[in-house]
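# Inside the fold
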Amino acid sequence: MARVGVLALQGDVCEHTSMLERVGAEVVAVRDVEQLDTLDGLVMPGGESTTIAYLLTTSGIRPILEKKIDDGLSVLGTCAGLILLAHEILDGRSDQWSFDVLPLSVRRNGYGRQISSFETVVEVKGVGEVPGVFIRAPKIETWSDDLEVLAFHDHGDGEHPVLVRRERIWGCSFHPELTNDDRIHRLFVDAL
Ligand code: GLN
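Keep in mind it's a predicted model, so treat the numbers as computed, not measured.

With that settled, the discussion passes to the overall build of the chain. On a plain count of helices and strands, the chain comes out with five helices and twelve strands. A globule of 192 residues ought to have a C-alpha radius of gyration of about 16 Å, and the chain, at 15 Å, matches this closely. Expressed along its principal axes, the backbone C-alpha trace of the chain runs to roughly 45 × 40 × 35 Å. Counting across all 192 residues of the chain, residues that qualify as buried make up 52%.

Our next topic: the pattern of salt bridges. Oppositely charged side chains can pair when the atoms bearing their charge come close. This structure, assessed with the given rule, holds 14 salt bridges. The partner of Lys139 in a salt bridge is Asp157, with the nearest N and O atoms 2.6 Å apart. One end of the pair, Lys139, is in strand β9 (residues 139–143); the other, Asp157, is in the loop between β10 (148–154) and β11 (159–166), with 18 residues separating them in the sequence. Overall, Lys139 belongs to the buried group, its relative accessible area being 5%. Across the salt bridge formed by Asp146 and Arg166, the nearest N and O atoms sit 3.2 Å from each other. You can see Asp146 sitting in the loop between β9 and β10 and its partner Arg166 sitting in strand β11, a full 20 residues away along the chain. Residue class for Arg166 comes out partly exposed when judged on its relative accessible area of 30%. Salt bridges sharing common partners tie together Arg22, Asp182 and Arg186.

For the ligand, the full set of nearby residues is Gly46, Gly47, Glu48, Ser49, Cys79, Ala80, Ile83, Arg108, Asn109, Ile135, Arg136 and His175. Backbone polar atom of Gly47 to an oxygen atom of the ligand: 2.9 Å apart, as the coordinates give it. In this structure, a nitrogen atom belonging to the ligand sits 2.9 Å away from a main-chain N or O atom of Ile135. For the ligand, whose accessible area on its own is 300 Å², the fraction buried by protein is 97%.

Here the focus is the sheet that holds strand β4 (residues 74–78). With mixed pairing, seven strands are arranged side by side in an open sheet as β2-β1-β3-β4-β12-β11-β10. The open sheet terminates on both sides in strands that have one partner only, identified here as β2 (26–30) and β10. Each strand of the sheet is rotated relative to its neighbour by a mean of 20°, with strand direction disregarded. Looking at chain direction, strand β1 (residues 3–7) and strand β3 (residues 41–44) are connected through three bridges and run parallel.

Each aromatic ring pair is specified by the distance between its two centres and by the angle formed by the two planes. Using the criterion set out here, one finds seven aromatic pairs in the structure. Where Phe118 meets Phe134, the ring centres are 4.6 Å apart and the plane angle is 5°; that geometry is what we call stacked. On the criterion of sequence distance, the pair formed by Phe118 in strand β7 (residues 118–124) and Phe134 in strand β8 (residues 128–134) is long-range, its members being 16 residues apart. On the basis of relative accessible area, Phe118 is assigned to the buried category, the value being 16%. Taking relative accessible area as the criterion, Phe134 reaches 1% and is therefore assigned buried. Considering the side-chain rings of Trp170 and Phe188, the 6.0 Å spacing of their centres and the 90° angle between planes classify their relative orientation as edge-to-face.

What counts and how
- Residues numbered from 1 in each chain as written.
- Predicted model: local features only at pLDDT ≥ 70, side-chain atom pairs only at ≥ 80, totals over all residues.
- Heavy atoms only, no water.
- Helix = DSSP H or I, 4+ residues; strand = E, 2+ residues; numbered from the N terminus.
- Rg over C-alpha atoms; globule rule 2.2 N^0.38 Å.
- Buried < 20%, exposed > 50% of the residue type's maximum accessible area, 1.4 Å probe, protein only.
- Salt bridge = Lys/Arg side-chain N within 4 Å of Asp/Glu carboxyl O.
- Near = heavy atom within 4 Å.
- Polar contact = N/O pair within 3.5 Å; in protein donor to acceptor, adjacent residues only side chain to side chain.
- Areas by Shrake-Rupley, 256 points an atom, 1.4 Å probe, with all protein chains shown as cover.
- Pairing = 2+ DSSP bridges.
- Axes fitted to C-alpha atoms, helices over the stretch in contact; angles between N-to-C directions.
- Phe/Tyr/Trp six-rings, centres within 6.5 Å; stacked < 30°, edge-to-face > 60°.

Right under this line is the structure:
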């Protein structure tokens, strides 16, 4: 059974936990550095990236997690989680940092503010159509060739990646944990 942590500092932790349990993972809520030990994978949830980044720093988790990711920990970041993994954050706070493990630039709230939240259907490579819930979602604006794009979405301004992967690091602009469809979590857990 895969042991998967959910970073439980802020954001939609419960929804990810249920989804991961549904696909057969043992789930650990990560609030402290000790809980980072013996994990096969980690989910960084949606929420507010500036708050999560702040709490990662004050909790002391940041440097330890940085090292774990470096040493091969698999990570799935959704929405705010994707922002935390990005190489570059556009429209971030001036002091906003990221783990810089996905070769892309992402614009915070790139699909609009809360009021512009929307639901659509996203075609995921090798999976099929999945529901895509976008809430103040980050938009991937530039990305490098070695990024595997598993899904694009065109919101009227051309195709932008919305589900990406580079080796064991995955990023998703939308919220698969807020739907009834567990196939993206399954994809992540099956790859651990
Ligand atoms: N826009 C938010 C941020 O900057 C992310 C929104 C979300 O996770 N639903 O963190």
